[in-house]
Amino acid sequence: MSRKHPVISVTGSSGAGTSTVKHTFDQIFRREGIKAVSIEGDAFHRYNRAEMKAELERRTEAGEHSFSHFSFDANELEKLQEVFRTYGETGTGQTRNYVHDEAEAERLGTPPGHFTPWRPLEEGSDLLFYEGLHGAVINGTVDLPALSDLTIGVVPVINLEWIQKIHRDRAQRGYSTEAVTDVILRRMHAYVHCICPQFTETDINFQRVPVVDTSDPFIARWIPTADESLVVIRFKSPRGIDFPYLTQMINGSWMSRANSIVIPGNKLDLAMQLILTPLILRMIDTARKA
Ligand SMILES: Nc1ncnc2c1ncn2[C@@H]1O[C@H](COP(=O)(O)OP(=O)(O)OP(=O)(O)O)[C@@H](O)[C@H]1O
Ligand SMILES: O=C(CO)[C@H](O)[C@H](O)COP(=O)(O)O
C-alpha cells in the first residue's frame, strides 16, 4: 500500500481475461488524464520457453509432475514484490516482456519464447498497473496485496476460463486444442494451490458466468458472448460501496448477497467504469496530496 505512488494489481488465471480488463482500465486512465505505467505478470516468469521445457523435463524425470507456469517457483515473485515496493516508495522500477508469438516478436524486436531486456519504467507516472497470474499472492515469501492499493480478481467460472484459454491460444498463439488441454491438466495442481487462494485476498472479484451450456469446454465452437453471460461482482469489504446507486444505474442488475451484485454480461464495461473510476480518482487525489 502506497499513498504517494499507488499500485493496482489485476490477477487471474491464463485466459481469464486480465488483458481484456486492462483495456477497460486504459480507457478510464485516458478519460481521467491519469498516466499509468504497466507491467505484465509473464515478464516475471523465471525461465524462457526453452529453459522452461528443460526444467519441466528435469523435474518430471525426478518424479515431480506438478510444476508449471502457475507454480510459485516458476516465477520471480520476489522480484515482482521488489518492483511493487520500489514503485510504491519512489515511483520508479523496471520491467520487461515475455514474447508469446510472432506478432509480439515483431512489435518487441525479440523472438517468441524469449524475454526482452529489462528496461526502466517511464518516469513521472501517477500509478503502476500490474496484470497477470500472481498479483495477489501471499505465500510466506511474498505478500503482494500488502503492497497494492487496489487488487482485482478476474475469474470466469472454470469451464468458461478453459474455453477462453483454448480459443485464445489456438487463434493467437498457434497451439492445438490437445496441446492447450495438456497445459491445463499439467497446471491443475498449481491452479488449486497457487492461483485460487488469491481470490480471497482481492478487493473486488469479477466472475463471468455463462448462461449457455458449456458442459464440454473442449468442443465449444465459440466463446459465450457478453449477451450469453452474467457477471458476479463481489466486494471483499462492502462498506462504502453504494449498492443502490449501482443497481439503479446498471439495468438488469441485482444484489445476490450483502457483498455481491450480479449484472448482465453486456454491462461489464459500464459496471467497471462506475465501480472503479471513483476508487481510482480517490487514490490519485490522495497520492497528489501526499
Ligand atoms: N468479457 C469477455 N467476453 C468475451 N470474451 C472474453 C472476455 N474476457 C476475455 N475474453 C476472451 O478470452 C480470451 C482470453 O482473454 P485474455 O487474453 O484477456 O486473457 P488473459 O487473462 O490476459 O490471459 P494470459 O494471462 O494467458 O495472457 C480472449 O480471446 C478474450 O477475447
Ligand atoms: O499465458 C501464459 C501464462 O499467463 C503462458 O502460458 C506463459 O506465458 C508461457 O507461454 P508459452 O508456454 O506459450 O511459452
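See the structure above.
Per chain, residues are indexed from 1 in the order of the written sequence. Naming scheme: in the order in which they are written, chains are lettered from A and ligands are numbered from 1. Only residues with pLDDT of at least 70 are given local features in this predicted model, and only at 80 or more are side-chain atom pairs given and counted; all residues enter the totals for whole chains, interfaces and linings. Where side-chain values are given, they derive from all heavy atoms of the structure, hydrogens and water being excluded.

Considering the pairing of strand S9 (residues 254-257)
Step number 1: In this description, strands pair whenever DSSP reports at least two bridges between them. Numbering goes from the N terminus for both helices and strands, where a helix is a DSSP run of H or I of at least four residues and a strand is a run of E of at least two. Relative to strand S10 (residues 260-264), S9 runs antiparallel, the two sharing three bridges. Considered in S10, the bridge of methionine 255 is made with isoleucine 261.
Step number 2: A loop of two residues connects S9 with S10, the two strands running antiparallel in sequence.

Let's talk about the site of ligand 1
Step number 1: We call a residue near a molecule or strand as soon as one heavy atom of that residue lies within 4 Å of the molecule or strand. Lining the immediate environment of ligand 1, one finds 14 residues, of which Ser14, Gly17, Ser19, Thr20 and Arg168 sit closest.
Step number 2: Note that an oxygen atom of ligand 1 is positioned 3.5 Å from one of the backbone N or O atoms of serine 13.
Step number 3: With respect to ligand 1, the side chain of glutamine 164 contributes an N or O atom lying 3.4 Å from an oxygen atom.
Step number 4: Surface burial for ligand 1 is 79%, taken as the share of its 640 Å² of free accessible area covered by protein chains.
Step number 5: Among the secondary structure elements, those contributing two or more residues to the shell around ligand 1 are helix H1 (18-32) and helix H5 (158-173). What qualifies as a polar contact is a pair of N or O atoms within 3.5 Å, subject to a donor-acceptor requirement within protein and to the restriction that residues adjacent in sequence count only when both atoms come from side chains. Accessible areas in this description were obtained via Shrake-Rupley with a 1.4 Å probe; residue shielding takes into account the shown protein chains only.

A word on the packing of H1 against helix H9 (residues 268-289)
Step number 1: Note on method: axes are straight lines fitted to C-alpha atoms, helices fitted across the in-contact stretch only, with angles between N-to-C directions ranging 0 to 180 degrees. Between H1 and H9, whose axes approach to 10 Å, the crossing angle comes to 50°. As the angle between them shows, H1 and H9 are arranged oblique. In this structure, the crossing between H1 and H9 has a hand that is right-handed. Contact with H1, carried on its side by Val21, Thr24, Phe25, Ile28, Phe29, Arg31 and Glu32, involves Asp269, Met272, Gln273, Leu276, Thr277, Ile280 and Leu281 of H9 and no other residues of that element.
Step number 2: Tallied by class, residues from the contact of H1 with H9 come to eight nonpolar, three polar and three charged. What sets the label is the angle itself: under 35 degrees gives roughly parallel, over 145 gives roughly antiparallel, 65 to 115 gives roughly perpendicular, and the rest give oblique. The crossing is said to be left-handed when, going from far helix to near helix, the turn is anticlockwise and less than a right angle, and right-handed when the turn is clockwise. Pairs of residues are marked as contacts when any of their non-hydrogen atoms sit within 4.5 Å. Classes in brief: Ala, Val, Leu, Ile, Met, Phe, Trp, Tyr, Cys and Pro nonpolar; Asp, Glu, Lys and Arg charged; the others, Gly included, polar.

A short note on the site of ligand 2
Step number 1: Looking at ligand 2, the residues that line it are Ser14, Asp42, His45, Arg49, His69, Tyr98, His100, Leu133, Arg173, Tyr175 and Arg187.
Step number 2: The side chain of aspartate 42 places a nitrogen or oxygen atom 3.2 Å from an oxygen atom of ligand 2.
Step number 3: In this structure, tyrosine 175 approaches ligand 2 through a side-chain N or O atom, which is 2.5 Å from an oxygen atom.
Step number 4: Considered on its own, ligand 2 offers 370 Å² of accessible surface; in the complex 88% of this is hidden by protein.
Step number 5: For the shell around ligand 2, the class distribution of residues is three nonpolar, four polar and four charged.

Overview of the sheet that holds S10
Step number 1: Strand order in this open sheet of eight strands is S2-S5-S1-S6-S7-S8-S10-S9, and the pairing throughout is mixed. A strand with exactly one partner marks an edge of an open sheet, and here the two such strands are strand S2 (36-40) and S9. Strand-to-strand, the axes of this sheet are offset by a mean angle of 20°, without reference to chain direction.
Step number 2: By the bridge criterion, seven bridges tie strand S7 (residues 204-210) to strand S8 (residues 229-235) in an arrangement that is antiparallel. Counterpart to isoleucine 204 in the pairing with S8 is phenylalanine 235.
Step number 3: Contacting strand S1 (7-11), S2 and strand S5 (127-132), helix H3 (residues 77-90) runs over the sheet at an angle of about 160° to S5.

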